[in-house]
Number of protein chains: 2
Amino acid sequence: MSTVEPAGAGDTAADAVAELVSALPDGMVVTDPTITDGYRQDRALDPAAGTPLAVVRPHRTEQVQTVLRWAGAHRIPVITRGAGTGLSGGATAVDGGIVLSTEKMRDITVDPVTRTAVCQPGLLNAEVKKAVAKHGLWYPPDPSSFEICSIGGNIATNAGGLCCVKYGVTTDYVLGVEVVLADGTAVRLGGPRLKDVAGFSLTKLFVGSEGALGVVTEATLRLLPEQPSSCVVVATFASVRHACEAVLAVTGRMRPAMLEFMDAAAINAVEDKLRMGLDRKAGAMLVAASDERGAAGAEDIALIGSVFTEHGATEVYSTDDPTEGEEFIAARRYAIPAVEAKGPLLLEDVGVPLPALADLVTGIEEIAAQQDLLISVIAHAGDGNTHPLIVHDPTDPENTRRAQLAYGQIMDLALSLGGTITGEHGVGRLKRPWLGDQLGPEVMALNQRIKDALDPTGILNPGAGI
Amino acid sequence: MSTVEPAGAGDTAADAVAELVSALPDGMVVTDPTITDGYRQDRALDPAAGTPLAVVRPHRTEQVQTVLRWAGAHRIPVITRGAGTGLSGGATAVDGGIVLSTEKMRDITVDPVTRTAVCQPGLLNAEVKKAVAKHGLWYPPDPSSFEICSIGGNIATNAGGLCCVKYGVTTDYVLGVEVVLADGTAVRLGGPRLKDVAGFSLTKLFVGSEGALGVVTEATLRLLPEQPSSCVVVATFASVRHACEAVLAVTGRMRPAMLEFMDAAAINAVEDKLRMGLDRKAGAMLVAASDERGAAGAEDIALIGSVFTEHGATEVYSTDDPTEGEEFIAARRYAIPAVEAKGPLLLEDVGVPLPALADLVTGIEEIAAQQDLLISVIAHAGDGNTHPLIVHDPTDPENTRRAQLAYGQIMDLALSLGGTITGEHGVGRLKRPWLGDQLGPEVMALNQRIKDALDPTGILNPGAGI
């Protein structure tokens, strides 16, 4: 690689881009607006998205270093982007910045002996799962978007998913990272050692840092043996409160491998599309799974079923047939597109301590009524992590205003219940106005000290994360 | 609490201590040398330990804040100490500093509904386990010293233990912390939310920071339902290499709940004391456990037993009787005191990626021969984390010199095999000279930037951690 000389103060953006083009292999820096336009927004579809100077698609760590040295010299913001599936606007382009897409960084090496994989950030989560499955191994974190989201984006947001209630979140599976820092230095943190306490826990600091502290160019992932097949139990409840009480009664006693919630609107939206015979009059539905081996799985499901019945389930159905179980889980996964069929969504991600789950969901119902909006709630109930889906009409300013009001009110509600504004999607740009309400001025200042220490010129994803 | 006024530049240490005495309740600041002498060293027994100005034993967070404000104003080093069981000298007193002992901070509240506990740092690990067990819950991390080490110390070192091979280390169970920063500010990070990605992952940064970034005054711990009883299998092998190959063959296929190693010296030392009928001619012994429920546990043990046999085990014995199983585990736990009966120990803590385990253990044998020392190796084999026990005679300078040489050579060997100088004990003061060899100058500088950002005057555990 050629190195980049700092340009003089008088250079123009075009000169700077030309310099980057010449420092990288042909075609790696894209300025054609018909292509770069596709990199302005992520799935948050932020209408305030800027227009990037260029999109850079490196293949290797050294090329990322070149980009960051160049960006530092010119004080050009760098928005790192995985697959662009983020829902909080963490990869929204900014005017005068560049988008650094990791999509071409797709190598993976699986080591079945140490049960680890070393992979680049551009691989999709599903591709990681598939590559390790060939060795009889399993990478647990499973965001609902696992077929389209990248492992780098998962690391940037510390992504969760459905199995987290038993298996934890992304950070629990990241043993090490290679990171390119704001000044272009590449460092390796951690590695394929299951225990390692030498130095501060910097690997963990970079997980969830939303591209604001460095660019992750490689990760060492911890893998598990393949997941045993699951038994699944589905139940409907007359009310949200009954269902939430049932959630508490389950999690206080055992560790389900999945414990998901759908409200009446989600049940009906799914039933509209899939015609599975779901009870349209139910107030809420829970889908639980156990992946304990042998008889223990069936025991778990029997226990969960009886707990559901004790807590007023109107119907309980369980199965140890993997295909049938997968259908119920697929129904839950299908809830987002099913509700989206009613109109564009503002997708929320608030979480609360488990005992506040019912208050959160019923409070969201009140907000929906007050703002005259359809808001369907689905949840990783066992984690207390909900995804209120705010159906709105972006072409109607008045409707949009109410949707945005509701978006904020839902975060305020979660905070009033001791919760978080984001359980697994990240703060990005969309939730940043509420971050201070959650963390308070002293923790915000502490975050800023970390940011200033690692990115003193503020070129890394400015405006996002913190 | 009264607040502390910065003292003038001309004040003496005695004046400063008098000021602290007057700012805190009677008896909280101890200066009586017959008491403070007991706080000079931790279990590393560093002969270079200093003499503290005072030992402070606060009960509450606000008192810790008072101490740190005072220390900041006077630039007085603060060595935070849990139960003093650290093996790397992380709590060694320094001349002119104070020791902040968390031993009186012993509150715990268990919430079975959210399966969390909120506890102060001074509780022993065993006390946490016991308090949560009353609610049918389990706090997994289990350092061998769990009966005498504090949960605050566990958090400071990101402590491991025997069950980590399946259940992970301390950081995996810390959902939130309250931390008093170097300037006396108290902040709450995380909390009883199973998913929360608002702001950087600061909770994780403080876990493992060895008192060098702040003082943890409270932690929110994630708990699991009580552990099912374990089936245990014990096997002896003719050689270390056979045993290490058996370890790899097991961990590549399954997740044992424990997979421990003892070398010939440890087997013999334990047999000297316990007369269990262990095979004194064996080259190595493995103890493995499965806590899978129902028939799955017995299946696991049968599989492990057959893998051991395939890899040359000379004797394999398995049991599903919990009492008998506990005896074998106790034999492994007893290895340290048994070897210590041969003489004082320098206790090492190096780890390697699993495939290098045999090379590490046989390399340590060579170092022992070269330095004419008894070095017994026990290991959390499933994690690749070994504890070479260097028997030495601190009254003999020549012997001590060789023991210290071996201590460094073992770390050099681990690093040459892609390993770490510390898997679970921490860097403390004893291992600091080798930290740069592991991390390299760029990662050391990155650690220092974090340190400088959070402790700009360097009063927190100077000389330890990084």
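Analysis parameters
Within each chain, residue numbers correspond to sequence positions counted from 1 in written order. Following the order in which they are written, the chains are lettered starting with A and the ligands numbered starting with 1. With the structure being a predicted model, the display of local features is reserved for residues of pLDDT at least 70 and the display and counting of side-chain atom pairs for 80 or more, all residues being used for whole-chain, interface and lining totals. As a rule here, side-chain values come from all non-hydrogen atoms in the structure, and water together with hydrogens is ignored. UniProt positions are given in the numbering used here, feature names are shortened, and annotations may be inferred rather than shown by experiment. Here, the term disulfide refers to a pair of cysteine sulfur atoms separated by no more than 2.5 Å. For two strands to be treated as a pair, DSSP must find no fewer than two bridges joining them. Labels follow the DSSP assignment, with helices taken as runs of H or I lasting at least four residues and strands as runs of E lasting at least two, numbered in each case from the N terminus. Convention adopted: a line fitted to C-alpha atoms gives each axis, helices being fitted over their contacting stretch, and angles between N-to-C directions are expressed from 0 to 180 degrees. Contacts: residue pairs with any heavy atoms within 4.5 Å of one another. When describing relative orientation, an angle under 35 degrees is termed roughly parallel and one over 145 degrees roughly antiparallel, while 65 to 115 degrees is termed roughly perpendicular and anything else oblique. Here is the rule for handedness: rotate from the far helix to the near one, and if that takes an anticlockwise turn smaller than a right angle the crossing is left-handed, while a clockwise turn gives right-handed. Nonpolar residues are Ala, Val, Leu, Ile, Met, Phe, Trp, Tyr, Cys and Pro. Charged residues are Asp, Glu, Lys and Arg, and all others, Gly as well, are polar.

Named according to an unreviewed UniProt entry, chain A is FAD-binding oxidoreductase originating from Mycolicibacillus koreensis. In UniProt, chain A has this text filed under Sequence similarities (unreviewed entry): "Belongs to the FAD-binding oxidoreductase/transferase type 4 family." The Cofactor (unreviewed entry) field of the UniProt record for chain A holds the comment "FAD".

Description of the state of the cysteines
Note: disulfide means a covalent bond formed between the sulfur atoms of two cysteine side chains. Counted according to the given criterion, the structure contains zero disulfides over all chains. Lacking any disulfide linkage, Cys149 of chain A is separated from the closest cysteine sulfur, that of Cys164 of chain A, by 12 Å. Between Cys119 of chain B, a free cysteine, and Cys149 of chain B, which holds the nearest cysteine sulfur, the sulfur-to-sulfur gap is 12 Å.

Details of the sheet that holds strand β16 (residues 345–347) of chain B
Residues and elements named next belong to chain B. Across the sheet, which stays open at both edges, the seven strands sit in the order β15-β12-β14-β13-β17-β18-β16 with antiparallel pairing between neighbours. Sheet topology places β15 (313–319) and β16 at the edges, where each strand pairs with a single neighbour. Across the sheet, the mean angle separating the axes of adjacent strands is 15° when strand polarity is ignored. Pairing between strand β13 (residues 258–263) and strand β14 (residues 284–290): six bridges, direction antiparallel. Following the sheet pairing, Glu260 is matched in β14 by Val287. Where helix α8 (residues 240–251) meets the sheet, its contacts fall on β12 (231–237), β13 and β14, and the angle it forms with β13 comes to roughly 175°. Set on the sheet, helix α13 (residues 357–370) makes contact with β13, β17 (375–380) and β18 (385–391); between it and β17 the angle comes to about 165°.

Quick notes on the packing of helix α1 (residues 13–23) of chain A against helix α3 (residues 61–74) of chain A
All names here are of chain A. Running from amino to carboxyl end, α1 crosses α3 at an angle of 160°, the nearest separation of the two axes being 11 Å. Considered as vectors, α1 and α3 are oriented roughly antiparallel to each other. Every pair of crossing elements has a handedness; the one defined by α1 and α3 is right-handed. Residues Ala16, Val17, Glu19, Leu20 and Ala23 of α1 form the contact with α3, whose participating residues are Thr66, Val67, Trp70 and His74. When grouped by side-chain class, the residues that make up the contact of α1 with α3 number six nonpolar, two polar and one charged.

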